[in-house]
Amino acid sequence: MFRKMVIVCAAAAAVLLTGCARGRTGAMLEVDLSQSYACEEVEMQGMRVYAVGAVNGGAVMSHTRQSAKQSLRLFFYNTEDGSFTELEGVDSDRNVGGTVQLPDGRFGVMYNVPDKSKPLAERYDGKLRVLAIYNKDLELEEERWFPDEIPAGWLSDGNLVADQEGNWYYYGTDEEGFGTLYILNEDLTLRKSFPSEKYAASLALGSSGQVYQLSAGLLYKIDAEAGKLVETGVELPGNTQSIMNGYDYELYFSSNNAGEGSDGIYGMNADGSYEKIVDYANSDLPGSIFNVMGLPDGTFFVWHNDNEYNDDGYFRLRPRTEEEQKVEVISLAGVGLNPQLVREVCQYNRSQTERRIVMKDYNKDYPDTGDDYEPSVREATYVFDYSFSPAPKKQALEDFKNDLLSGTVPDIIAMDHLPVRQLANKGLLTDMAPMLEEDERFDEEDFYMNLFDGMKMNGKLNSIGFSFIIRTAMAKTEFVGMKQGRSPEEYMDMLQSTPEGMHILPVTSQETMIDTFLTGSQGAFIDRNTATCSFDSQGFVRLLELTAAMQSSDELYSNDEDYWKMAEFGYDYQSNHTLLDTFQIAKPITYHEEAFGIFGRTDVTLVGYPESSGGNGGRYQMNYTLAITSQSKELEPVWDWFMEELGTQKQSKVCPDGWGANSLPLRRSTMANCLKAATQGAMRSSGNANEIEMEILADYIENLRMYYEQDQFITNIITEEAEKCFAGDQTAEQAAQMIQSRCTLYLSELQ
């Protein structure tokens, strides 16, 4: 049965998307897909073309063939029927700059014309510029040359607009970046000019006839009569990239900042208020938006790039038809959604016709003020495509937790930053362990079951991941021996046996010791099954005492000489300056790069971190984790999607070559291919890995036991009490007792 849903604006939403049909009990919402536009890739008919600008229900595209003589061709792409029509009168020696829409339906193509009397490097000096005017039938009517008294640079899309009275507005900058606005008559003769803001992003014509300028994130009205810019006072979303001519709205603007939650297209009303029209992620565009062009019919032409999936091309975004909105909706919610998760959802949605996953990121309910994040959370939210997942905003995280605990739940929860134990004890999460056991698509022999088992609490698998990294530490065997998997006491024995004059870490300060061994190793002192802790153990007390004996970072870097000395020698392992190399393995070649590239030709041991789970001291962290809520009525399609993510095809994309991967697959068969690839095709100065190194890494993965998860509340407790110890306000034993007492109370409250 189909059901129609109603979207709720994120800023006004007080509860969570649920994906539940009419008639369900509880605090459920009915949502539609009004911010989820249909995304249609433009078929380029074998051409490699570049969008110049949007005009008359289509776009002008340039096709340049690089040969002995550069050849430029222009086409009009009709977004309705997908046809390409070549424009006449194109001079292939010119450099196309952009397009401009005229109020009467005609449009202009802007060219920068080379001066062939000059040397090749100086021909495109930007002073010879021409505007070719085409009518609605795509016929070239005339060419207008810009006057020489305008000493500005190149014509480009967005720096020339025509108003409804036939005047032209042109923005140009001098060599130092200072801007000037030129107002030209219809025949392009200069009418007046006045200083403008530096580095204006674009000009656009509002539906009221008002011309606007975007500069440094601020929106201005252009007062042509007074010859000045007037601030509108409109607070635009973060990272607003461009403004576009208004049609159904006074003005459109585009923002592409997923981390801040303002990724989409907005429509501004005449009074300056605005609303989000298109959410890029929920319209299947998870990557970077290089250019957006608005069309009079309410559709948008978008240049989108996502390197992760080699997805580079042009797409048309249009409102969904009523029939297209009759789909089954699966809701997914979280706080600071992982970019890789967003990519996977978009890939899933593109492959579906009868259902869609609709994402809600609670972070998007709040603007980015720079100081509203959970403290010290950014390091713990590292995403393995060399970017950072958006850190959770305090109020967003609190709202999400409150909604979940009050029974307002989605079908799928992105579990990053959330208290798994508390939600599980409230009966909100589905145990997926029996589902894995009963599903014929899941072959336990081909998966690292130790990684699934390590995520369980009391035998229940309440959340699941789909790829992982390893956090570990390496040292020369001559100093630490070959033992792996040391208890906190044994680990302290190793640290305190560090030879005189050798540093434990590249920068051994109180702060780095806290991050690495106190808060960073909290999992070694917490039993995930019993919800008990052992921070009052002798091993933790000794870690506190050792850390207290270190200098603070401020003391270490008391002057520039100290700083540069630390930078020069801190990572010198081959000369025995430093003991431990702490690093992450997100691709197999990393083991070789650390063992050979950092330590040289010597025996090394993966000593990892303090261990209490019976493993080898390594920690593993999932790229992101998901849970299915117990109230979801979409269990079957959600589980099918999870199985697809764990399937051979998806897992093979996690680590395709062993060199460029950013996380590791959970399938043994896929990992074997990845490990083998790291021994072939050298791409770096350190060369290929050898088979022995990859065998060591394969064995290490098999013996991982400690699932890495940082509880921010426990991190704060440890940091607060440790700082009192360092200040001399309490002994290490007293600090450990306080940490034990406070954490015990906290863990009990989660039951």
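What counts and what doesn't
- Residues numbered from 1 in each chain as written.
- Predicted model: local features only at pLDDT ≥ 70, side-chain atom pairs only at ≥ 80, totals over all residues.
- Heavy atoms only, no water.
- Helix = DSSP H or I, 4+ residues; strand = E, 2+ residues; numbered from the N terminus.
- Buried < 20%, exposed > 50% of the residue type's maximum accessible area, 1.4 Å probe, protein only.
- Areas by Shrake-Rupley, 256 points an atom, 1.4 Å probe, with all protein chains shown as cover.
- Pairing = 2+ DSSP bridges.
- Axes fitted to C-alpha atoms, helices over the stretch in contact; angles between N-to-C directions.
- Disulfide = S-S within 2.5 Å.
- Contact = heavy atoms within 4.5 Å.
- Expected span 1.5 Å × (residues − 1).
- Arc of directions from axis to C-beta.
- Polar contact = N/O pair within 3.5 Å; in protein donor to acceptor, adjacent residues only side chain to side chain.
- Phe/Tyr/Trp six-rings, centres within 6.5 Å; stacked < 30°, edge-to-face > 60°.
- Lys NZ or Arg CZ within 6 Å of the ring centre and 35° of its normal.
- Salt bridge = Lys/Arg side-chain N within 4 Å of Asp/Glu carboxyl O.

S.K.: Now, about the overall build of the protein: what can you tell me, with residues and values included?
M.R.: When you go through the protein residue by residue, the secondary structure sums to 18 helices and 39 strands. Split into buried and exposed, the 751 residues of the protein put 57% on the buried side. Total accessible area on the protein stands at roughly 31900 Å², and carbon and sulfur atoms take up 46% of it.

S.K.: Explain the sheet that holds strand β19 (residues 251-255) residue by residue, including any values.
M.R.: In space, the four strands of this open sheet follow the order β18-β19-β20-β21, with antiparallel pairing throughout. The strands lining the two open edges of the sheet, one partner per strand, are β18 (240-245) and β21 (274-279). Strand-to-strand twist across the sheet, computed as the mean angle between neighbouring axes with direction ignored, equals 25°. Here β19 pairs with strand β20 (residues 264-268) via five bridges, running antiparallel. The residue of β20 that forms the bridge with Phe 253 is Tyr 266.

S.K.: Before we move on, could you go through the state of the cysteines and cite the residues and values that matter?
M.R.: A complete count under the given rule lists one disulfide for this structure. Cysteine Cys 743 shares no disulfide, and the gap to the nearest cysteine sulfur, in Cys 533, comes to 5.4 Å. Looking at Cys 743, the relative accessible area reads 0%, which means it is buried.

S.K.: Outline the environment of Phe 178, listing residues and values.
M.R.: One can find Phe 178 in the loop between β11 (168-173) and β12 (179-184). Taking the C-alpha atoms as reference points, Phe 178 and Glu 197, 19 residues apart in sequence, are found 7.0 Å from one another.

S.K.: Please provide a residue-by-residue account of the environment of Leu 341, values included.
M.R.: Examined against the element boundaries, Leu 341 turns out to sit in helix α1 (residues 339-350). Judged by its relative accessible area of 1%, Leu 341 is buried. Separated by 283 residues in the primary sequence, Leu 341 and Tyr 624 place their C-alpha atoms 7.1 Å from one another. With sequence-adjacent residues up to four places away left out, Leu 341 is seen in contact with Leu 332, Ala 414, Tyr 624, Leu 626 and Trp 641.

S.K.: Describe in detail helix α16 (residues 691-702), supporting the description with residues and values.
M.R.: An ideal rise of 1.5 Å per residue puts 16 Å on 12 residues; α16 measures up with 17 Å between its terminal C-alpha atoms. Listing the buried residues of α16 in full gives Glu 693, Met 694, Leu 697, Tyr 700 and Ile 701. Mapping the buried residues of α16 onto a view down its axis gives an arc of 115°, with all of them on the same face. Among the exposed residues of α16, those pointing more than 90 degrees away from its buried face are Glu 691, Ile 692 and Glu 695. In the core, the buried residues of α16 are packed alongside α5 (449-454), β31 (467-476), β34 (581-585), α12 (589-598), β35 (604-606) and α15 (668-677). At the N-terminal end of α16, a side-chain oxygen is found 3.1 Å from the backbone nitrogen of Ile 692, two or three residues along, and the residue is Asn 690.

S.K.: Please provide a residue-by-residue account of the packing of aromatic side chains, values included.
M.R.: Following the criterion strictly, the structure yields 32 aromatic pairs and no others. Summarising the aromatic geometry, the rings of Phe 75 and Phe 84 are spaced 6.4 Å apart at their centres and angled 85° between planes, so their arrangement reads as edge-to-face. Overall, the relative accessible area of 6% leaves Phe 75 in the buried class. Residue Phe 84 is classed as buried on the basis of its relative accessible area of 15%. With 5.6 Å between their ring centres and 5° between their planes, Phe 301 and Tyr 314 make a pair best called stacked. Of this pair, Phe 301 sits in strand β23 (residues 300-306) while Tyr 314 sits in strand β24 (residues 311-318), placing them 13 residues apart in sequence. What makes Tyr 314 buried here is its relative accessible area of 5%. Each residue in the set Phe 75, Tyr 77, Phe 84, Phe 290, Phe 301, Trp 303 and Tyr 314 is aromatic and connected to the rest through ring pairs, giving one cluster. Above the plane of the ring of Tyr 111 lies Arg 94, whose end atom (NZ or CZ) is 5.3 Å from the centre. A cation over an aromatic ring shows up here: Arg 619 above the ring of Tyr 609, its NZ or CZ 3.6 Å from the ring centre.

S.K.: Describe the pattern of salt bridges, and please don't skip the residues or the numbers.
M.R.: Tallied over the entire structure, the rule returns 32 salt bridges. As a salt-bridge pair, Glu 721 and Lys 724 come within 3.7 Å of each other at their nearest N and O atoms. Placement of the pair is Glu 721 and Lys 724 together in helix α17 (residues 712-726), with a separation of three residues, close to one helical turn. Under the relative-accessibility criterion, Glu 721 is labelled buried at 2%. Residues joined in a network through salt bridges with shared partners are Glu 40, Glu 80, Asp 297, Arg 316, Arg 318 and Glu 324.

All quantities given are derived from atomic positions and should not be read as evidence of function.
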